[in-house]
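As a plain string of letters, each chain reads:
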Amino acid sequence: MYKEILISIDDREGRATVLEDGKVMEILIARKERQVGCIFKGRVSDVLPGMNAAFVDIGLERNAFLCANDAVIEEGDARIEIDEVIKPNQEILVQVLKEAIDAKGARVTSHITLPGRYLVLLPSAKYVGVSRRIESNEERKRLSDVAESLRPEGMGIIVRTAAEGHNLEELKSDMDYLLKVWEKVMSNSKNSHAPALVYQELDLVNKVMRDIFTEDVDRLVIDNVQEYNNMRERLENTDPEMLNKLFLYTDSRPLFDLHDVEKEFDNALSRRVWLKSGGYLIIDRTEALWVIDINTGKYTGKDRLAETILNTNLEACKEICRQLRMRDMAGIIIVDFIDMESIDDQRTVLETLGEELKKDRTRTNLVGMTELGLVQITRKREGKDLDGIMRDTCPVCHGRGKVLSPKSVALRAYRNIIKEMNIWHRDVAIITMSPMAAFEFAGSDGEEAKQIAKACNITIRVLASTSVHIESFNVAFGDKSLLGEHPLLSNGQQARAVLLENTCVDDGSALAIINGNLVCVPNGCDRVGKEVVLKVVDSGAYVSKAEIVR
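Residues numbered from 1 in each chain as written. Predicted model: local features only at pLDDT ≥ 70, side-chain atom pairs only at ≥ 80, totals over all residues. Heavy atoms only, no water.

Q: Is there a simple way to think about the environment of Leu66 in this case?
A: Its place among the elements puts Leu66 in strand β6 (residues 64–67). As for Leu66 and Ile82, which are separated by 16 residues in sequence, their C-alpha atoms are 9.2 Å apart. With sequence-adjacent residues up to four places away left out, Leu66 is seen in contact with Ala53, Ala54, Val56, Ala71, Ile82, Ile86, Ile92, Val108, Thr109 and Ser110. (Helix = DSSP H or I, 4+ residues; strand = E, 2+ residues; numbered from the N terminus. Contact = heavy atoms within 4.5 Å.)

The structure is reproduced here in structure tokens:
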């Protein structure tokens, strides 16, 4: 497998991507300083015994959340009571585990960890651990002995996967660096008043250097001269053998365009993900979890249905694990594979999924398959996922994913008029709506609005505006003088207008708005989105008709 890292940095954003055999597997984006891993000197603002947790002011918009188990190191099985170890107004050194998301503040811990290239320093622990991904018992024993010889008194060490095969001198150099970082953290803490940031997690480039640019990477390409020089200098001091894998990209064509990565950034936000076979995944998220559904789609197989289902599910296993890494999906992930009757097929899918998950740098846990055939996965959550970084909640649907249909909005407006007329008994109602809702309210020939006006014994004027929220409407009641403010169109009148798609009927017509009046343009569908000159050929009280002059 050929593995490469591409890094593109400009004044506004830093982006990195990991490719395996030319396929994008991971995406990292940095638009502001990263919270996860930062160390703060905080002040306890509130202790909540009922939740066995505390809130800590660390200087961010929202107070951070500190669980009792994250406040002290557990001893035995005894339950830790938060009010016994944390007091209000107490100053405390904490590190961000999960950054603030939406209305939730950051989650923090007082168990500080300082990761290096090969080791992780644990200032508040007293043990040595070795990454479970190092499978050789002999190598685990060697690294454990080396780590024990390097472990500072009163502290702990975890040996990272990247340390495999490296000697004492290389690991000692990493430990010396981490001890200097810890000394700086303690010095900053001593000289700061809470709340204060005392250690900033590494920027994008240094994080890639520390966590991703390992021996299994064939090359790293970066398009920023300054960062390239910084990386060379660091490698010369820490890992000179990796220098021949580092390249500077100087072509005028954008680096990500050259490798067709930009397209993958868009695909990583898509709800539907196609498989090569013709099947597809549907990826949705809720507040509590992610849901992935697998469908055979266009794939019909060759012979047996069971074989078609198995092949689709196996292909989905690889793509699911790729999407987990690429989107940085975290928390609880529920996968609804296509139902398999064969126990052997179910076992094959789970084994394949488990093998693919091992390629993920982020800690994952495959829980298994439920009686309903749902597979449960958990993946460690840190900062915002790709979706959270690149997208905001839709201001129209507010995260629901759907909006009211024009018909539903029109009916709401109708009921509103009836209710208000029972109170005010006015002569005129001017109703302003989005174009599609206005057309649905009026009817294609104005007959719907005419019937409403007759039923309510009121004169109605329907106005359309593209600036009105698709789910909203406004009704103004008054006397006959209101009508003069909104004159109707006249036959022969000409005006410029942009044609809008008419989703309420399927007759090839388009809609236009002239001075707030609804205009139907027969055979205008092929000019939708373009500005044209219209001539009114049939003026109406609710909907007029016009032809395209040019």
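Q: Can you help me understand the environment of His111 in this one?
A: Of note, His111 is situated in the loop between β8 (107–109) and β9 (114–115). Overall, the relative accessible area of 22% leaves His111 in the partly exposed class. Taking the C-alpha atoms as reference points, His111 and Lys263, separated by 152 residues in sequence, lie 40 Å from one another. A polar side-chain atom of His111 sits 3.1 Å from the main-chain carbonyl oxygen of Asn69. (Buried < 20%, exposed > 50% of the residue type's maximum accessible area, 1.4 Å probe, protein only. Polar contact = N/O pair within 3.5 Å; in protein donor to acceptor, adjacent residues only side chain to side chain.)

Q: Hey, could you run me through the nonpolar core in this one?
A: Taken as a class, soluble globular proteins show a tendency for nonpolar side chains to be buried jointly. In terms of nonpolar packing, the biggest core is built from 29 residues, with Ile431, Phe441, Ile460, Val462 and Leu518 touching the most fellow members. Looking at this core, the elements that each hand over two or more residues are α11 (406–424), β22 (428–433), α12 (435–442), α13 (447–456), β23 (459–464), β24 (473–478) and β28 (517–521). Considering every element that reaches this core, the biggest residue donor is α12, with six residues. If we skip the residues at most four places from it in the chain, Leu518 touches Pro435, Ala438, Phe439, Ala442, Val462, Ala464, Leu511, Ala512, Ile513, Tyr542, Val543 and Ser544. Leu93, Leu143, Val146 and Val181 belong to the second largest nonpolar core, which has 26 residues in total. (Core = buried A, V, L, I, M, F, W, Y, C linked by side-chain atoms within 4.5 Å.)

Q: When you look at α13 in this model, what are you seeing that I'm missing?
A: Turn by turn, an α-helix covers 3.6 residues, leaving residues three or four places apart pointing in a common direction. All buried positions along α13 are accounted for by Ala449, Ile452, Ala453 and Cys456. Buried residues of α13 fall within an arc of 100° about the axis and therefore sit on the same side. Exposed residues on α13 whose side chains face more than 90 degrees from its buried face are Lys450, Lys454 and Ala455. Looking at the packing, one finds that the buried side of α13 touches α11, α12 and β23. Asn457 sits one or two positions beyond α13 and adopts a positive phi of about 55°. (Arc of directions from axis to C-beta.)

Q: Is there a simple way to explain the packing of aromatic side chains in this structure?
A: Given two aromatic rings, one states the distance between the centres and the angle between the planes to describe the pair. Under the criterion given, the structure shown has two aromatic pairs. It is Arg272 that lies over the ring of Tyr280; its NZ or CZ is 4.2 Å from the centre. (Phe/Tyr/Trp six-rings, centres within 6.5 Å; stacked < 30°, edge-to-face > 60°. Lys NZ or Arg CZ within 6 Å of the ring centre and 35° of its normal.)

Q: Got a minute to help me understand the side chain of Gln323 in this structure?
A: The residue Gln323 is located in helix α8 (residues 305–327) in this model. Gln323 sits in the buried class, given a relative accessible area of 2%. Apart from the residues within four sequence positions on either side, Gln323 is in contact with Val273, Ile283, Asp328 and Met329.

Q: Explain helix α3 (residues 168–190) here, please?
A: The first and last C-alpha atoms of α3 sit 33 Å apart over 23 residues, in line with the 33 Å expected at 1.5 Å per residue. Among the residues of α3, Leu171, Asp174, Met175, Leu178, Val181, Trp182, Val185 and Ser189 are the ones counted as buried. Capping the start of α3, Asn167 holds a side-chain oxygen 3.2 Å from the backbone nitrogen of Glu169, two or three residues further along. (Expected span 1.5 Å × (residues − 1).)

Q: I would appreciate a short explanation of the packing of α11 against α12 in the present structure.
A: For any two helices packed against each other, the geometry comes down to the angle between their axes and how far apart the axes lie. The contact between α11 and α12 brings their axes to 8 Å, and the two run at 60°. By the angle between their axes, α11 is oblique relative to α12. Regarding α11 and α12, the two cross each other, and that crossing is right-handed. Here Pro406, Lys407, Val409, Ala410, Ala413, Tyr414 and Ile417 of α11 lie close against α12, whose contacting residues are Met436, Ala437, Glu440 and Phe441. Of the residues belonging to the contact of α11 with α12, the class tally is nine nonpolar, no polar and two charged. (Axes fitted to C-alpha atoms, helices over the stretch in contact; angles between N-to-C directions. Parallel < 35°, antiparallel > 145°, perpendicular 65-115°, else oblique. Left-handed = near helix turned anticlockwise from the far one by under 90°. Nonpolar A, V, L, I, M, F, W, Y, C, P; charged D, E, K, R; others polar.)

Q: I'm lost on the pattern of salt bridges in this one. Help?
A: Side chains that differ in sign of charge can pair as their charged atoms come close. Following the criterion strictly, the structure yields 32 salt bridges and no others. Here Arg15 ties to Glu13 by a salt bridge, and the two come within 3.7 Å at their closest N and O atoms. Close ionic contact of Glu319 with Lys23 constitutes a salt bridge, the shortest N to O distance being 3.8 Å. Linking Glu319 in helix α8 with Lys23 in strand β3 (residues 23–30), this pair joins segments that are 296 residues apart in sequence. Each of the salt bridges in this network shares a partner with another, and the network as a whole consists of Glu20, Glu26, Arg325 and Arg361. (Salt bridge = Lys/Arg side-chain N within 4 Å of Asp/Glu carboxyl O.)

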